[in-house]
Amino acid sequence: MDEKRRKFEMQALPHLDAAYNFARWLTRSPVEAEDIVQEAMLRAFRSFDGFRGTDVKPWLLTIVRNCFITSHDRKPDLPVSEADGADPAFTDAAPDPEAVAISADHVRKLNLLVATIPGEFREVLILREMEDLSYRDIARITGTPIGTVMSRLARARAMLKEAWLDRVEGARNAVQ
Amino acid sequence: MLCNEAQRVQAYFDGELESGESVVIEQHLVHCGACAALIRDLQSTRDALREQVSYYAASDRLRGRVMQSIGGESAPQPKRRLLSDRHFWWGIGAGFAPAAIAAALLVTVNTPASTDQMAADLLNAHLRSLVSNHLIDVASSDQHTVKPWFAGHADVSPPAVDFPQSDYRLVGGRVDYVNGHRAAVVVYRHGAHVINVFAWPGDAEAAPQLTTHNGYHIACWRSGDLESCAVSDTAIDELLALTQLLKNSQG
Ligand SMILES: [Zn+2]
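Residues numbered from 1 in each chain as written. Chains lettered and ligands numbered in written order. Predicted model: local features only at pLDDT ≥ 70, side-chain atom pairs only at ≥ 80, totals over all residues. Heavy atoms only, no water.

As for the interface of chain B and chain A
1) Next: Listed as interface residues are 40 residues of chain B and, on the opposing side, 46 residues of chain A.
2) Next: A buried area of about 4,000 Å², summed over both sides, lies between chain B and chain A, and 56% of it is on carbon and sulfur atoms.
3) Next: Salt-bridge contacts for R61 of chain B lead to E34 of chain A; the nearest nitrogen and oxygen are separated by 3.0 Å.
4) Next: Along the contact surface separating chain B from chain A lie 22 residue pairs in polar contact (both at pLDDT 80 or more).
5) Next: For the side of chain B that touches chain A, the element with the most residues is helix α4 (residues 60–74) of chain B, which contributes 11 residues.
6) Next: Considered class by class, the residues forming the side of chain B that touches chain A number 19 nonpolar, 11 polar and 10 charged. (Contact = heavy atoms within 4.5 Å. Buried area = accessible area lost by both parts, 1.4 Å probe. Salt bridge = Lys/Arg side-chain N within 4 Å of Asp/Glu carboxyl O. Polar contact = N/O pair within 3.5 Å; in protein donor to acceptor, adjacent residues only side chain to side chain. Helix = DSSP H or I, 4+ residues; strand = E, 2+ residues; numbered from the N terminus. Nonpolar A, V, L, I, M, F, W, Y, C, P; charged D, E, K, R; others polar.)

So, the environment of V124 of chain A
All names here are of chain A.
1) Next: In this structure, V124 sits in helix α6 (residues 119–130).
2) Next: Here the alpha-carbon distance between V124 and R152, two residues 28 residues apart in the chain, equals 7.1 Å.
3) Next: The residues touching V124, leaving out its near neighbours within four places in the chain, are I138, R152 and L153.

Quick word on the pairing of strand β3 (residues 181–190) of chain B
If a strand is regular, its side chains alternate between the two faces of the sheet.
All names here are of chain B.
1) Next: Among the 10 residues that make up β3, 7 are buried, leaving the element largely enclosed by the rest of the structure.
2) Next: One ladder, built from 10 bridges, connects strand β2 (residues 168–178) with β3; its direction is antiparallel. Within β3, the position partnered with V175 by the bridge is A184.
3) Next: Counted between consecutive antiparallel strands, the loop separating β2 from β3 contains 2 residues, among which N179 sits at a positive phi close to 55°.
4) Next: Both β3 and strand β4 (residues 193–201) contribute to a ladder of 7 bridges, which runs antiparallel. Each residue of the ladder has a partner; that of A184, found in β4, is A199.
5) Next: As consecutive antiparallel partners, β3 and β4 are separated by 2 residues, and within that stretch G191 has a phi angle of approximately 60°, a positive value. (Buried < 20%, exposed > 50% of the residue type's maximum accessible area, 1.4 Å probe, protein only. Pairing = 2+ DSSP bridges.)

Here we look at the coordination of the zinc ion
Residues and elements named next belong to chain B.
1) Next: Around the zinc ion, the donor atoms from the protein are C3 (SG), H28 (NE2), C32 (SG) and C35 (SG), and they sit 2.0 to 2.4 Å away.
2) Next: Note that the zinc ion binds 4 donor atoms; their angles at the metal cover 103 to 121°, and the shape is tetrahedral.
3) Next: Of note, the zinc ion draws all its donor residues from one chain, in the sequence arrangement C-x24-H-x3-C-x2-C.
4) Next: What makes H28 buried here is its relative accessible area of 15%.
5) Next: A relative accessible area of 13% places C32 in the buried class. (Donors = N, O, S within 2.8 Å, 3.2 Å for Na, K, Ca; no water. Tetrahedral: all angles 85-135°; square planar, octahedral: opposite > 155°, others 65-115°.)

Considering the environment of D233 of chain B
All names here are of chain B.
1) Next: Take D233: it is sitting in the loop between β7 (226–232) and α9 (236–250).
2) Next: Placed 19 residues apart in sequence, D233 and N214 show a C-alpha to C-alpha distance of 8.9 Å.
3) Next: If near-sequence neighbours (up to four positions away) are discounted, D233 is found in contact with H193, G215 and Y216.
4) Next: Here H193 takes part through its side chain, which lies 2.9 Å from a polar atom of the side chain of D233.

Regarding the packing of helix α2 (residues 16–27) of chain A against α6 of chain A
All names here are of chain A.
1) Next: It is the contact of α2 with α6, at a shortest axis distance of 10 Å, that shows an interaxial angle of 155°. Accordingly, the angle class assigned to the pair α2 and α6 is roughly antiparallel. Of the two possible hands of crossing, α2 and α6 adopt the one that is right-handed. Contact with α2, carried on its side by N21, F22, W25 and L26, involves R122, E123, I126, L127 and M130 of α6 and no other residues of that element.
2) Next: Class assignment of the residues belonging to the contact of α2 with α6 gives a composition of 6 nonpolar, 1 polar and 2 charged. (Axes fitted to C-alpha atoms, helices over the stretch in contact; angles between N-to-C directions. Parallel < 35°, antiparallel > 145°, perpendicular 65-115°, else oblique. Left-handed = near helix turned anticlockwise from the far one by under 90°.)

Overview of the packing of helix α1 (residues 6–13) of chain B against helix α2 (residues 19–31) of chain B
Residue and element names in this part refer to chain B.
1) Next: Packing of α1 against α2 brings their axes to within 10 Å, and their N-to-C directions diverge by 115°. For the pair α1 and α2, the sense of crossing is left-handed. Across the interface between the two elements, R8, V9 and Y12 of α1 pack against E21, S22, V24, I25, E26, H28 and L29 of α2.

Brief notes about the sheet that holds strand β1 (residues 138–139) of chain B
All names here are of chain B.
1) Next: As summarised here, the arrangement of the 7 strands in space is β1-β2-β3-β4-β7-β6-β5, forming an open sheet in which the pairing is antiparallel. In this open sheet, the two edge strands, each paired with only one partner strand, are β1 and β5 (210–213).
2) Next: As judged from the 2 bridges shared by β1 and β2, these two strands associate in the antiparallel manner. Considered in β2, the bridge of A139 is made with G172.
3) Next: Docked against the sheet, helix α8 (residues 143–153) engages β1, β2 and β3, running at close to 10° with respect to β2.
4) Next: Here α9 sits on the sheet and contacts β2, β3, β4, β5, β6 (216–223) and β7; the angle it forms with β6, its principal contact strand, is near 15°.

Everything listed here is a matter of coordinates, which is why it stays silent on function.
Right, dumping it as structure tokens:
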């Protein structure tokens, strides 16, 4: 097999899940996310010869984000629907069916809350909490200064916490 | 309500502070109630995101599409006209990229019923080996022990190669039954995953080329008169990397 492709398969392909998860949360659409990831992987492969760094993941996620921005310049932003909270692929390990039902509902609501956070806040939240990336990497991927990353991250976390508390307390009040 | 140290507290929580600064924040947290509460909020937000919000993994279909488009870039002349000829796949051998095989096979939709039967049998044999304490008959990481053992116990003597430079660890061999055939099984470990590599004389039933059932991947190939199928729940790339090593060693 040719060397470039072997290296790409070893170094970039292991981050395919991260690329898809990021694209999925940026677009909030599985179809669009797949198109963006395919385009991004192809672009990454074409420019792989020029890649000199050692940290492939932030580099790849930068390309994913660029593809997302390019494709979104042409399309209107998708409205968030209840479907964003539904994830048939998600399975809970809890054996009790009632617990599974409650927790699936919980997951659906939380997914929906994250999906409704504005994009510039949502992306730093996903990169920090799901991909465990450093401020420096997030700054590189999003093309913003570290200070902006920190303040957006704080806002995003506060938004999620508030929205979540509203839901929980709203539900509690409804029960009373 | 937010203390003016809030941003440094967040940086501390994210592991972004130098150790000297961390000590300062730790002391601050002892007597600042607002920041102590902030840390608890940050932790519960993180727990919710990591444990209860969906992490969307790439589907096998997407993986196939990606591999195919990369394959199209690096090898502009794939022998597409041979797609319908299954012997083409058996004969692929060592020189061909596993990704190209995966890409082509992932888009193959028509699998004969007997192939499904074979896949189900392979998967059952794999699962049986995991639950029945009958994973290995001969435990050894030494290929010079495993291969001769097969000569006395199985119909074929597949290569039982250890790859010390890789993440695949040879743990032993056993004899098992697949679709009514006696198969020699070479067992590898890859991290926490077991990989069973079944081998039996060729020209038998149709084996699946590459298929996934319930998260278990089955990758088959043919080398000379030896039919081989590797089965595992490890990542599909990892499984194909081992089959490539094995093909190379047979090559
Ligand atoms: Zn404080």
